[in-house]
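So you can see what is in the structure, the chains are spelled out below.
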Amino acid sequence: MSDKLILTCAITGAETTREQQPALPITPEEIAIGAFEAYEAGASILHLHVRKDNGTPTQDKAVFKKAIDLVRSKCDMVIEVTTGGAVGMTPEERLQPVTLKPEMASLDCGTVNFGDEYIINTLPIMREFAAAMKEYSVRPTLECFDLGHVYASKMLIKEGLLEAPYHYGLVLNVPGAARYEVDVLEFFVRKLPEGAYWTAMGIGGKANLDAIYGALALGGNVRVGFEDNIYYSRGRLAKNNAELVERAARIAKDCGREIARPDDVRAMFKLRKA
Ligand code: ZN
């Protein structure tokens, strides 16, 4: 297994607003610029959500296509579309961008509290999403917010709906789900299938930074970006997504980890030849 560290940048998300973070990319044009800056800073996977021009989240295929085409015109980042979408969306709505055959897509592995809201992912919904990703040869990132989600993913593996190599996104610190604590991360990692890749996704400023060190200590990969955290340090907003990527890359290099480039990710995750 390659020791290179994969940096994912989740540059927009569904919940972060311009009021909270003035540098949030919203339109496909802004997303393409933000993605390119993150790529230059060391990110090799773009975790992509899109918005309507008024800033509300959408799973509209046409908007995804426009954003993907614009990113593609600037760099060769691996694009991972969201199928988590936003709170209140139907499964059919959420699944739409997978039909564009991106290289990767997120697959939520269970129902989760999202503060006072929640996102529903029953086993039948997960099976439907996993089957669609298999049909379109899209590699899922298995997002787990709680320990039961890891076990749910193993049911899908057993049923033949998921194929190795597996990539897990361990999303910690969503309000109402598992907290980011280093022993929680370590326990999750120990319960993953043999040889699985994983990326730590700490939500909120402190958890996001702590999760970088946790991932380095435990041999994982890192996600940063405005979806997960808008701050550079306590009370100081990040200038842009790239500033967060740059810091993560610097920390990883200081710890002796080389940074993966998009073609490294394609080889490690055995992505479909485009
Ligand atoms: Zn997302």
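This text goes with the structure placed above it.
The sections below set out a description of the structure shown in this document. (Residues numbered from 1 in each chain as written. Predicted model: local features only at pLDDT ≥ 70, side-chain atom pairs only at ≥ 80, totals over all residues. Heavy atoms only, no water.)

### Quick word on the overall build of the chain
Regarding its fold elements, the chain presents nine helices and 14 strands. Across its three principal directions, the C-alpha atoms of the chain cover 45 × 40 × 40 Å. Scored against the burial criterion, the 274 residues of the chain give a buried share of 56%. In the chain, 73% of the contacts between residues at least 6 apart in sequence involve partners at least 24 apart. In the form shown here, the chain has an accessible surface area of approximately 11500 Å², with 53% of it arising from carbon and sulfur atoms. A gap of 3 Å separates the mean positions of the 33 positive and 37 negative side-chain charges of the chain. (Helix = DSSP H or I, 4+ residues; strand = E, 2+ residues; numbered from the N terminus. Buried < 20%, exposed > 50% of the residue type's maximum accessible area, 1.4 Å probe, protein only. Contact = heavy atoms within 4.5 Å. Areas by Shrake-Rupley, 256 points an atom, 1.4 Å probe, with all protein chains shown as cover. Lys, Arg positive; Asp, Glu negative; His and termini not counted. Charge placed at Lys NZ, Arg CZ, Asp CG, Glu CD.)

### Re the side chain of His 47
Take His 47: it is sitting in strand E2 (residues 45-48). Residue class for His 47 comes out buried when judged on its relative accessible area of 2%. Within polar-contact distance, the side chain of His 47 engages the side chain of Glu 227 at 3.3 Å. Not counting residues up to four positions away in its chain, the partners in contact with His 47 are Thr 8, Cys 9, Ala 10, Ile 11, Glu 80, Thr 82, Ser 106, Glu 143, Arg 223 and Glu 227. (Polar contact = N/O pair within 3.5 Å; in protein donor to acceptor, adjacent residues only side chain to side chain.)

### Notes on the packing of aromatic side chains
The description of an aromatic ring pair uses the distance of the two centres, along with the angle that the planes make with each other. Tallying each qualifying case throughout the model produces two aromatic pairs. Aromatic side chains Phe 36 and Tyr 39 sit 6.0 Å apart centroid to centroid with 25 degrees between the ring planes, which places their arrangement in the stacked category. You can see Phe 36 and its partner Tyr 39 sitting in helix H1 (residues 28-41), three residues apart, about one turn around the helix. In this structure Tyr 39 comes out as partly exposed when scored by relative accessible area, which is 21%. Over the ring of Tyr 232 we find Arg 247; its NZ or CZ atom is 4.1 Å from the centre of that ring. Against the face of Tyr 39 rests Arg 261, its NZ or CZ located 4.8 Å from the ring centre. (Phe/Tyr/Trp six-rings, centres within 6.5 Å; stacked < 30°, edge-to-face > 60°. Lys NZ or Arg CZ within 6 Å of the ring centre and 35° of its normal.)

### Quick notes on the coordination of the zinc ion
Octahedral six-donor coordination of a metal ideally yields angles of 90 or 180 degrees, compared with 109.5 degrees for tetrahedral four-donor coordination. Binding of the zinc ion to the protein goes through His 47 (NE2), His 49 (NE2), Glu 227 (OE) and Glu 227 (OE), at separations of 2.1 to 2.7 Å. Coordination at the zinc ion is irregular: its four donor atoms span angles of 52 to 126 degrees at the metal. Linear spacing of the donor residues for the zinc ion on their chain is H-x1-H-x177-E. Here the residue His 49 occupies a position in the loop between E2 and strand E3 (50-51), and Glu 227 occupies one in the loop between strand E12 (221-224) and strand E13 (231-233), the gap between them amounting to 178 residues. We classify His 49 as buried; its relative accessible area is 5%. Accessibility expressed as a relative area gives 23% for Glu 227, which makes it partly exposed. (Donors = N, O, S within 2.8 Å, 3.2 Å for Na, K, Ca; no water. Tetrahedral: all angles 85-135°; square planar, octahedral: opposite > 155°, others 65-115°.)

### Observations concerning the pairing of strand E5 (residues 78-81)
Residues Val 78 and Glu 80 line one face of E5 and the alternating positions Ile 79 and Val 81 line the opposite face, and both faces are buried. In the sheet, E2 pairs with E5 via four bridges, with the strands oriented parallel. Among the inter-strand pairings, His 47 is bridged to a residue of E5, identified as Glu 80. Pairing geometry for E5 and strand E6 (residues 104-108), over two bridges, is parallel. Within E6, the position partnered with Val 81 by the bridge is Ala 105. (Pairing = 2+ DSSP bridges.)

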